[in-house]
Amino acid sequence: MVQWIPVLVRVEDYREITALVAQREATRTAEVEDLPTVAATPLAPGAVPTSTQFEQALAQQPVWGVEDLRRLARGETLTTQRWTRAMDVCAQNPGSFLTTSQVAQAAGMSINEWRDAPRKISRHLQAHYPAVPRDPNGDPVWPLYAKTMPDKPDEVSWAISEDTARRWHEVRTN
């Protein structure tokens, strides 16, 4: 059984630490039971309220270019397909933080399928997306913002900025 423990880190170290965890997880083969895939379910607008602190961090997240978003949307790997589905869900509620289970359910994925995608995306972006924004350490910035919310400490929550959602809608409608 895989076990996790929460760790507090300074805000300025958050991206570096989460990237390290994601990188390590990408190299592991976790023994977890597959949860059933559920049908896609629409979410009510503003499904999860955000706090000012998290809204500010989300607003400061670098925005991907339209061409890189288009490449992601057309991706043929399981990782890019899962991210595309999650992006579709989050883009319906820009600025709202949705838990991993909410994203998975609304996207028609099992929780384990969605959890697997962030574990693999950093390496995929490093290899195939040279033009996406980079963090101060030179690592690619994800198109969704990940944060563990104080009221939901057992799950990572995901959000998309207004700017990224606008670009994502452009990609998905053209």
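Computed from a prediction, not measured in an experiment: that's the story for all the values here.

Draft legend 1. Focus on the environment of R85. Within the fold, R85 resides in helix α4 (residues 78–91). Sequence-distant contacts of R85, defined by excluding residues within four places in its chain, comprise A107, G108 and M109. Of note is the side chain of R85, whose polar atom sits 3.0 Å from the backbone oxygen of A107.

Draft legend 2. Structural view of the packing of α4 against helix α7 (residues 162–173). At a minimum axis separation of 10 Å, α4 and α7 run at an interaxial angle of 120°. Put simply, α4 runs oblique to α7. Regarding α4 and α7, the two cross each other, and that crossing is left-handed. Contacts between α4 and α7 pair T84, M87, D88 and A91 from the former with T164, A165, W168, H169 and R172 from the latter. Among the residues making up the contact of α4 with α7, the classes are represented as four nonpolar, three polar and two charged.

Draft legend 3. Representation of the packing of aromatic side chains in the model. A complete count under the given rule lists eight aromatic pairs for this structure. A ring pair is formed by F97 and Y145, whose centres lie 6.0 Å apart and whose planes are at 75°; its orientation type is edge-to-face. On the criterion of sequence distance, the pair formed by F97 in the loop between α4 and β1 (98–99) and Y145 in strand β2 (residues 145–148) is long-range, its members being 48 residues apart. Taken individually, F97 and Y145 each receive the classification buried, so the pair is uniform in this respect.

Draft legend 4. Examining a nonpolar patch on the surface more closely. The grouping of W4, I5, V7, V9, I17 and V21 at the surface amounts to a nonpolar patch, some 590 Å² of accessible area in total. With respect to the helices and strands, the residue V9 is situated in the segment before α1 (14–26). A relative accessible area of 34% places V9 in the partly exposed class.

Draft legend 5. Layout of the confidence of the model for the protein chain. Taken residue by residue, the protein chain gives an average pLDDT of 83. The fraction at 70 or more is 81%. Predicted confidence for residues 29–41 stays below pLDDT 50, and this span has 26 contacts to residues more than four positions away or in other chains.

Draft legend 6. Quick peek at the sheet that holds strand β3 (residues 156–159). Spatially, three strands are ordered β1-β3-β2 in an open sheet, and the strand pairing comes out antiparallel. The outermost strands of the open sheet, each flanked by one partner alone, are β1 and β2. Sheet topology note: the β2/β3 ladder contains four bridges and is antiparallel. The residue of β3 that forms the bridge with A146 is W158.

Draft legend 7. Geometry of the pairing of β3. In this structure, β1 lies alongside β3, joined through two bridges in antiparallel fashion. Across the sheet, the residue bridging to T99 is S157, located in β3.

Draft legend 8. Inspection of helix α6 (residues 111–128) at higher detail. Helix length check: α6, at 18 residues, gives a terminal C-alpha distance of 25 Å against a target of 26 Å (1.5 Å per residue), a fit within 8%. The largest bend along α6 reaches roughly 40° and is located at K120. The set of residues buried in α6 consists of N112, W114, D116, A117, P118, R119, I121, S122, H124 and L125.

Draft legend 9. Quick peek at the pattern of salt bridges. Scanning all chains against the criterion turns up six salt bridges. For E67, the salt bridge is made with R70, and the minimal N-O distance between the two is 2.5 Å. With a gap of three residues between them, E67 and R70 both fall in helix α3 (residues 66–73), about one helical turn apart. With a shortest N-O distance of 2.8 Å, R172 and D88 are connected by a salt bridge. On the criterion of sequence distance, the pair formed by R172 in helix α7 and D88 in helix α4 is long-range, its members being 84 residues apart. Several salt bridges converge on common partners, so that one network encompasses R82, E113, D116 and K120.

Definitions and limits used
- Residues numbered from 1 in each chain as written.
- Predicted model: local features only at pLDDT ≥ 70, side-chain atom pairs only at ≥ 80, totals over all residues.
- Heavy atoms only, no water.
- Helix = DSSP H or I, 4+ residues; strand = E, 2+ residues; numbered from the N terminus.
- Contact = heavy atoms within 4.5 Å.
- Polar contact = N/O pair within 3.5 Å; in protein donor to acceptor, adjacent residues only side chain to side chain.
- Axes fitted to C-alpha atoms, helices over the stretch in contact; angles between N-to-C directions.
- Parallel < 35°, antiparallel > 145°, perpendicular 65-115°, else oblique.
- Left-handed = near helix turned anticlockwise from the far one by under 90°.
- Nonpolar A, V, L, I, M, F, W, Y, C, P; charged D, E, K, R; others polar.
- Phe/Tyr/Trp six-rings, centres within 6.5 Å; stacked < 30°, edge-to-face > 60°.
- Buried < 20%, exposed > 50% of the residue type's maximum accessible area, 1.4 Å probe, protein only.
- Patch = residues over 30% accessible without salt bridge, like charges linked within 9 Å, V, L, I, M, F, W, Y side chains within 5 Å.
- Areas by Shrake-Rupley, 256 points an atom, 1.4 Å probe, with all protein chains shown as cover.
- Salt bridge = Lys/Arg side-chain N within 4 Å of Asp/Glu carboxyl O.
- pLDDT = per-residue confidence, 0-100.
- Pairing = 2+ DSSP bridges.
- Expected span 1.5 Å × (residues − 1).
- Bend = angle between axes of the 7 residues up to and from the residue.

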